[in-house]
Amino acid sequence: MGMKTRKKKASLPSLRSADKDFDIVIVGGGLAGLTLSCLLGKTAKNLKIACIDRDDPQRAVDGDFRTTAISFGSAKILDRAGLWNEIEPRGCPIRDIRIFDADTPLLLQFLSEEAGGKIFGWILKNSDLREIMFNKIKTLRQIRHIPSTGVNGFEHKNDKIRVTLENGQEITARLVVGADGRGSFVRDFLDIPTRRWDYGQRAVICNITHENPHENRAIENFWPQGPFAILPMNDDEKGRHVSSLVFTEHGPKSRSLMQLDEEAFLNAVAAKFPAFYGEIDLASPRQCYPLSLIHASRYIGPRMALVADAAHGIHPVAGQGLNLGFRDIGELAGLIAQAAENGEDIGSPDVLETYQRRRRPDNVAMAAVTDALVRLFSNNLLPVRILRRAGLRAVSKLPPAKRFFMKNAMGAGE
Ligand SMILES: Cc1cc2nc3c(=O)[nH]c(=O)nc-3n(C[C@H](O)[C@H](O)[C@H](O)COP(=O)(O)OP(=O)(O)OC[C@H]3O[C@@H](n4cnc5c(N)ncnc54)[C@H](O)[C@@H]3O)c2cc1C
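These numbers were taken from a predicted model, which means no experiment stands behind them.

### Some words on the overall build of the protein
(1) Moving on: Helices and strands together make up the secondary structure of the protein, namely eleven helices and 21 strands.
(2) Moving on: The C-alpha radius of gyration computed for the protein amounts to 22 Å, which stays within 12% of the reference 22 Å derived for 414 residues, consistent with globular compactness.
(3) Moving on: Looking at the 414 residues of the protein, the share that counts as buried comes to 43%.
(4) Moving on: A separation threshold of at least 6 residues defines the contact pool for the protein, and within that pool the share at least 24 residues apart is 74%.

What follows is the structure in structure tokens.
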């Protein structure tokens, strides 16, 4: 395998020599890379791990106003990583999910009472998740978090990989995990082809304060230009009721909601916000994310594996992107810990192929389901509209079908 490099940045203080040889180097310290670091730190205690992220930690915490819906299955993985005790109190439980199709009355409702009182998941601020993970990593002796510099080269040498950082430093690893997001450098290095397409949609996100409590209600309203979702959050420090908004749009950027001044944007939001919430106001700046699907044809290469968005990125319509990533992490960490415990090679083809074989079907299925949902609900043709509304009404009247959807919404399948 050849060496690929990118332009070097200004040098940082050099690593001590004891800090140069690692068992695992995790490229990318977003929510996936940080979770994997914490999980390995708890479950594979004899392994030395480096987690390298190009971002500055404070900028990563302050610069992301998104929220993430965390499923039960993900909560279990976060618990194994020693993170859930701190995450749960900051999460807002979802007890009521309401689905609308544009301007229809309520079409489908899932209530936690119908699921034996179980909640459907939790809404967390991404900034809270990152902060908790950064703090946890500091307490894990064998994890070295190296922020503010990227990885820009790899070279395979016998049973090791030499990893070059943008600050010019070099470290080694027996296994490299690419948790470096949709534009993955690790995936590019391995020359892994991807299937990808652009939905021509953008998600404009922000937080909204509202007069009345949300009563743990999540709203998903499918408009032809894309889904409009309202997700419940915990009251803010001033006691105001808050929800997070994902307002999907399409069309030219020059006509984007991002171009509107605050008052015009708030009017556009208010036009779609249910009256139940009362008066609304903006509680954070807006951010905009182009929406696309991407799936790597392989997740592995020699002594290398991809997890989360580096392997697969989906439309956020069902709030499942990171939940899939957590399942990758749970699987890979389990295999690594087992190999380490048995004295086997943690980067062997056997470990990596088992990981890929176990994770691909779930990721492919979820990509297909979300893709079908987006296409079905972005279609404004009358016959399609009539059929999908009839379909949703039928689900709402069929208890077994409702139970199936509720189970999946909770991520209780795992
Ligand atoms: C609007 C929106 C709403 C969403 N809502 C949900 C939801 O409710 N539930 C859900 O499960 N998912 C949701 N998702 C998906 C979720 O946000 C992503 O799946 C998740 O952020 C992916 O995390 P990651 O760590 O894999 O990648 P990223 O967050 O992209 O992190 C990658 C990290 O790698 C670093 N990096 C990149 N290249 C290098 C390099 N060469 N060297 C070192 N570091 C590098 C970057 O600095 C970055 O920190 C949503 C997505 C969007 C856009």
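There's plenty left to go through after this.
### What about helix α5 (residues 126–139)?
(1) Moving on: Between its terminal C-alpha atoms α5 stretches 21 Å, which fits the 20 Å expected from 14 residues at 1.5 Å a residue.
(2) Moving on: Listed as buried for α5 are L129, R130, I132, M133 and K136. Down the axis of α5, the buried set is contained in an arc of 165 degrees. They therefore lie on one face. Turned more than 90 degrees away from the buried face of α5 sit N135 and K138, all of them exposed.
(3) Moving on: Those residues of α5 that are buried are in contact with α1 (31–43), α2 (57–62), β3 (67–70), α4 (84–87) and β7 (121–125).

### Things to note about the pairing of strand β9 (residues 151–157)
(1) Moving on: Note that β9 and strand β10 (residues 160–165) share six bridges and pair antiparallel. Bridging across to β10, K157 finds its partner in K160.
(2) Moving on: Taking the residues that link successive antiparallel strands as the turn, the β9-β10 hairpin has two residues, and the phi of N158 there is positive, at about 50 degrees.

### Considering unusual backbone geometry
(1) Moving on: Of note in the backbone geometry, D191 takes a positive phi value of approximately 55 degrees without being a glycine.
(2) Moving on: In this fold, D191 is placed in the loop between α6 (185–189) and β13 (194–210).
(3) Moving on: With 10 C-beta atoms counted inside 10 Å, the residue D191 sits in the exposed group.
(4) Moving on: Positive phi, close to 55 degrees, is recorded for N216, a residue that is not glycine.
(5) Moving on: Along the chain, N216 turns up in the loop between β13 and β14 (217–223).

### As for the domain arrangement of the protein
(1) Moving on: Splitting the protein by domain gives domain 1 (17–83 + 126–195 + 293–374) and domain 2 (92–124 + 200–291).
(2) Moving on: Relative placement of domain 1 and domain 2: their C-alpha centres are 30 Å apart.
(3) Moving on: Across the contact, 13 residues belong to domain 1 and 17 residues belong to domain 2.
(4) Moving on: Counting only elements with at least two residues in the side of domain 1 that touches domain 2, the list comes to β3 and α5.
(5) Moving on: Here the side of domain 1 that touches domain 2 gets four residues from one element, more than from any other, and that element is β3.
(6) Moving on: Split by residue class, the side of domain 1 that touches domain 2 holds seven nonpolar, four polar and two charged.

Cut-off values and rules
Chains are numbered independently. Their residues run from 1 in the order of the written sequence. Where totals are concerned, whole chains, interfaces and linings use all residues; where local detail is concerned, this predicted model gives features only for residues with pLDDT of at least 70, and gives and counts side-chain atom pairs only at 80 or more. Elements are defined by DSSP. Helices are runs of H or I of four residues or more, strands are runs of E of two residues or more, and each kind is numbered from the N terminus. For the radius of gyration, the atom set is restricted to C-alpha positions; the globular benchmark scales as 2.2 Å times the number of residues to the power 0.38. The exposure scheme places C-beta atoms from the backbone and then counts, for each residue, the other C-beta atoms within 10 Å of its own, assigning buried at 20 or more, exposed at 12 or fewer, and partly exposed in between. The contact criterion used here is simple: two residues whose C-beta atoms, placed from the backbone, lie within 7 Å are in contact. To estimate the expected span of a helix, count its residues, drop one, and scale the result by 1.5 Å. The directions considered for the arc run from the helix axis to the C-beta atoms. DSSP calls a pair of strands paired once it identifies at least 2 bridges connecting them. What fixes the domain bounds is an automatic or database domain assignment. Each residue is assigned to one class: nonpolar for Ala, Val, Leu, Ile, Met, Phe, Trp, Tyr, Cys and Pro, charged for Asp, Glu, Lys and Arg, and polar for all the others, Gly among them.

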